[in-house]
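Here is how the chains run, residue by residue.
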Amino acid sequence: IQKEDCCFLVEGYMDVISAWQAGVKNGIASMGTSLTDDQIKAIDRFTDHIVLAFDGDDAGFEAIHRSASYISNNTHFDLDVVSFPRGMDPDDYIQKNGAQAFKEFLKNGRDTYMSFLMQFHRRNKNLANESDQIEYIDKVLIELVNVDSFVEREIYINQLSEEFNLSTDTLKSQF
């Protein structure tokens, strides 16, 4: 973890073992879906960068949301999220796609916390429906309050503008 200056946090020990065998030596398991203060303190001794790589199911998605929210609001860590395809965990991904594809996915398949939140708030929404659109946009704008980077905020506002055919001025006023 110190060598890579990054920690991949997965749900279970089998995922850590499979990742190790695939050549990813900086993975650890939370052993379930609840991240504890003791685990955060232990990680903090070795790195300032956590990549959440939980299972690609509803429980994993919810666990990412809880863990990422806790990490983002209560710690100093840089945070990225890797979202596995629906129904897959890291071990499944390695078995299906191989070690090299897994390493590439961990390297290039990362999202920012905000990008993950946008995906999270999309779930179970019909964005062709105006009320769902408004609710989604409002939730995203509320989440953007916590983004310190003006550049990052601008990127997400521009994405909303393009997707929903709204002016950036309108979105910024609402923000």
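We now turn to the structure provided with this report. (Residues numbered from 1 in each chain as written. Predicted model: local features only at pLDDT ≥ 70, side-chain atom pairs only at ≥ 80, totals over all residues. Heavy atoms only, no water.)

**Considerations on a nonpolar patch on the surface**
Convention followed: Within this analysis, patches are made of residues with over 30% relative accessible area and no salt bridge. Like charges are joined at 9 Å or less; nonpolar side chains (Val, Leu, Ile, Met, Phe, Trp, Tyr) at 5 Å or less. Note on areas: Shrake-Rupley, 1.4 Å probe, and residue coverage restricted to the protein chains presented here. Here, a salt bridge means any Lys or Arg side-chain nitrogen found within 4 Å of an Asp or Glu carboxyl oxygen. Under the scheme used here, helices are H or I runs from DSSP no shorter than 4 residues and strands are E runs no shorter than 2 residues, and both carry numbers assigned from the N terminus.
On the surface, a cluster of nonpolar side chains totalling about 420 Å² of accessible area is made up of Tyr13, Met14, Ile17 and Met31. If you trace the backbone, tyrosine 13 turns up in helix α1 (residues 13-21).

**Details of the sheet that holds strand β1 (residues 7-10)**
So the rule is basically this: At least two bridges found by DSSP between two strands are what make those strands a pair. Axis definition: a line fitted to C-alpha atoms, limited for helices to the stretch in contact. Angles are taken between N-to-C directions and run from 0 to 180 degrees. Working rule for contacts: check all heavy atoms of both residues, and any pair within 4.5 Å makes them a contact.
Spatial ordering of the open sheet is given by β2-β1-β3-β4-β5, a layout of five strands whose pairing is mixed. Of all the strands in the sheet, just β2 (27-29) and β5 (110-112) have a single pairing partner and so form its edges. Within the sheet, the average angular offset between the axes of one strand and its neighbour, ignoring direction, is 35 degrees. In terms of strand pairing, strand β3 (residues 49-52) meets strand β4 (residues 78-82) through four bridges, oriented parallel. Directly across from isoleucine 50, in β4, lies its bridge partner leucine 79. Contacting β1, β4 and β5, helix α5 (residues 99-108) runs over the sheet at an angle of about 15 degrees to β5.

**Let's talk about the packing of helix α6 (residues 113-122) against helix α7 (residues 130-144)**
Here is the rule: Oblique is the label for any angle not under 35 degrees, not over 145, and not in the 65 to 115 range, which are roughly parallel, roughly antiparallel and roughly perpendicular in turn. A clockwise turn of the near helix away from the far one marks a right-handed crossing, whereas an anticlockwise turn of less than a right angle marks a left-handed crossing. Gly falls in the polar group here, along with every residue not listed as nonpolar (Ala, Val, Leu, Ile, Met, Phe, Trp, Tyr, Cys, Pro) or charged (Asp, Glu, Lys, Arg).
Running from N to C, α6 and α7 cross one another at 155 degrees; their axes reach a closest spacing of 10 Å. As the angle between them shows, α6 and α7 are arranged roughly antiparallel. The crossing of α6 and α7 is right-handed. For the pair α6 and α7, contact is made by Met114, Leu117, Met118, His121 and Arg122 and by Tyr136, Lys139, Val140, Glu143 and Leu144, respectively. Residues belonging to the contact of α6 with α7 are distributed by class as follows: six nonpolar, one polar and three charged.

**Digging into the nonpolar core**
Threshold: Side-chain atoms within 4.5 Å link the members of a nonpolar core, which is a set of buried Ala, Val, Leu, Ile, Met, Phe, Trp, Tyr and Cys residues. Burial classification: accessible surface area is computed with a 1.4 Å probe over protein chains only, and a residue below 20% of its type maximum counts as buried, one above 50% as exposed, and the rest as partly exposed.
Of all hydrophobic cores here, the largest spans 34 residues; its most connected members are Ile50, Leu52 and Leu160. Secondary-structure elements contributing two or more residues to this core are β1, α2 (37-44), β3, α3 (58-74), β4, α6, α7 and α8 (150-164). Tallying contributions element by element places α6 first for this core, with six residues. Among residues more than four places away in sequence, those in contact with leucine 52 are Leu9, Ile64, Ser67, Ala68, Ile71, Leu79, Asp80, Val81 and Val82. With 16 residues, the next largest nonpolar core counts Cys6, Tyr93, Ile94 and Phe102 among its residues.

**Brief notes about the side chain of aspartate 55**
Short version of the rule: Only four residue types enter the charge count, namely Lys and Arg as positive and Asp and Glu as negative; His and the chain termini do not.
Along the chain, aspartate 55 falls in the loop between β3 and α3. Notably, aspartate 55 is buried but unbridged: the nearest opposite-charge side chain belongs to arginine 86, and the N-O separation is 11 Å. If near-sequence neighbours (up to four positions away) are discounted, aspartate 55 is found in contact with Glu11, Asp15, Gly60, Phe61, Met88, Asp89 and Pro90.

**Thoughts on helix α4 (residues 90-97)**
Just so we agree on the cut-off: Think of the arc as the fan of directions from the helix axis to the C-beta atoms.
By the burial criterion, the buried members of α4 are Pro90, Asp91, Tyr93 and Ile94. Viewed along the axis of α4, the buried residues span an arc of 160 degrees, placing them on a single side of the element. For α4, the exposed residues set more than 90 degrees away from the buried face come down to Gln95 and Lys96. Elements in contact with the buried residues of α4: β1, α1 and α5.

**Considering the pattern of salt bridges**
Counting across every chain of the model gives seven salt bridges. The residue arginine 86 makes a salt bridge to aspartate 58 at a minimum N-O spacing of 3.1 Å. Highlighted residues: arginine 86 in the loop between β4 and α4 and aspartate 58 in helix α3, separated in sequence by 28 residues. Judged by relative accessible area, arginine 86 falls into the exposed class, the value being 62%. The salt bridge involving glutamate 62 is made with arginine 123; its shortest N-O contact spans 2.7 Å. Here glutamate 62 is found in helix α3, whereas its partner arginine 123 is found in the loop between α6 and α7, with 61 residues between them in sequence. Take glutamate 62: its relative accessible area is 29%, and that puts it in the partly exposed class. Residue class for arginine 123 comes out partly exposed when judged on its relative accessible area of 24%. Here the residues in one salt-bridge network are Lys125, Glu135 and Lys139, joined through shared partners.

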